[in-house]
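Listed below are the residues making up each chain.
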Amino acid sequence: MIKDEVRAELDKLGVTSASPGLSAVALKLAAALDALDSSDAPTSQAVVADKLTALMVRLRALAPVQEEGDGVDDIGRKREERRAKLLKQQSG
């Protein structure tokens, strides 16, 4: 449930090794949110969700920058592929 989603996001961010304590707290809060019964007071759920959200914001800020291609990178890569293809045609 929520704990699984939080764990997946932490793994994607790669922040667990950089900040293991905060990551563990985030998982504990997510588990607590999962454990709350739907009949519990909405304020209980809101408080835990608010704390979890604030902690996830901090963890996202601590996450190392990951290299992901964007549109400009894709254009550059395609250009290099075209150049290589033309050079191959010209030489062969």
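What counts, and at which threshold
Each chain has its residues counted from 1, following the order in which its sequence is written. Side-chain atom pairs in this predicted model are given and counted only at pLDDT of 80 or more, local residue features only at pLDDT of at least 70, and totals for whole chains, interfaces and linings cover all residues. Each side-chain value is derived from all of the structure's non-hydrogen atoms; neither hydrogens nor water enter the calculation. pLDDT measures how confident the predictor is about each residue, on a scale from 0 to 100. Strands here are runs of E lasting at least two residues and helices are runs of H or I lasting at least four, both read from the DSSP assignment and numbered beginning at the N terminus. Nonpolar core, defined: a set of buried Ala, Val, Leu, Ile, Met, Phe, Trp, Tyr and Cys residues in which side-chain atoms within 4.5 Å join the residues together. In this scheme, a residue with accessible area under 20% of its type's maximum is buried, one over 50% is exposed, and one in between is partly exposed, where area comes from a 1.4 Å probe on protein chains only. Any two residues whose heavy atoms approach within 4.5 Å at even a single point are treated as in contact. Every axis corresponds to a line fitted to the C-alpha atoms, with the helix fit spanning only the stretch in contact, and the corresponding angles, defined between N-to-C directions, vary from 0 to 180 degrees. Geometric relationships in this document are graded by angle, where less than 35 degrees denotes roughly parallel, more than 145 denotes roughly antiparallel, 65 to 115 denotes roughly perpendicular, and other angles denote oblique. In this scheme the crossing of two helices becomes right-handed for a clockwise turn of the near helix relative to the far one and left-handed for an anticlockwise turn of less than a right angle.

### Quick word on the confidence of the model for the protein
Here the protein averages 90 in pLDDT, while 95% of its residues score no lower than 70. Looking across the protein, the model is least confident in helix H4 (residues 71–91), with a mean pLDDT of 86, and most confident in helix H2 (residues 20–35), with 96.

### Some points on the nonpolar core
Within the largest apolar cluster, 14 residues are counted, with the highest numbers of intra-cluster contacts made by Val6, Leu10, Val15, Ala26, Leu52, Met56 and Leu59. When residues of this core are traced back to their parent elements, those giving at least two are helix H1 (2–13), H2 and helix H3 (42–62). Sorting elements by how many residues they give to this core places H3 first, with five residues. The residues contacting valine 15, other than those within four sequence positions of it, are Leu10, Ser23, Leu59, Leu62 and Ala63.

### Quick look at the packing of H1 against H3
Here H1 crosses H3 at 15 degrees, and the two axes come no closer than 11 Å. By the angle between their directions, the pair H1 and H3 is classed as roughly parallel. The crossing of H1 and H3 is left-handed. Contact residues: Ile2, Val6, Glu9, Leu10 and Leu13 in H1; Leu52, Met56, Leu59 and Arg60 in H3.

### What about the packing of H2 against H3?
In a pair of packed helices, the angle between the axes and the distance between the axes together describe the arrangement. One way to put it is that H2 packs onto H3 with a least axis distance of 9 Å and a crossing angle of 155 degrees. Taken together, H2 and H3 sit at an angle that is classed as roughly antiparallel. Seen along the crossing, H2 lies across H3 with a hand that is left-handed. Contacts between H2 and H3 involve Leu22, Ser23, Val25, Ala26, Leu29, Ala30, Ala32 and Leu33 from the former and Gln45, Val48, Ala49, Lys51, Leu52, Leu55, Met56, Arg58, Leu59 and Leu62 from the latter.

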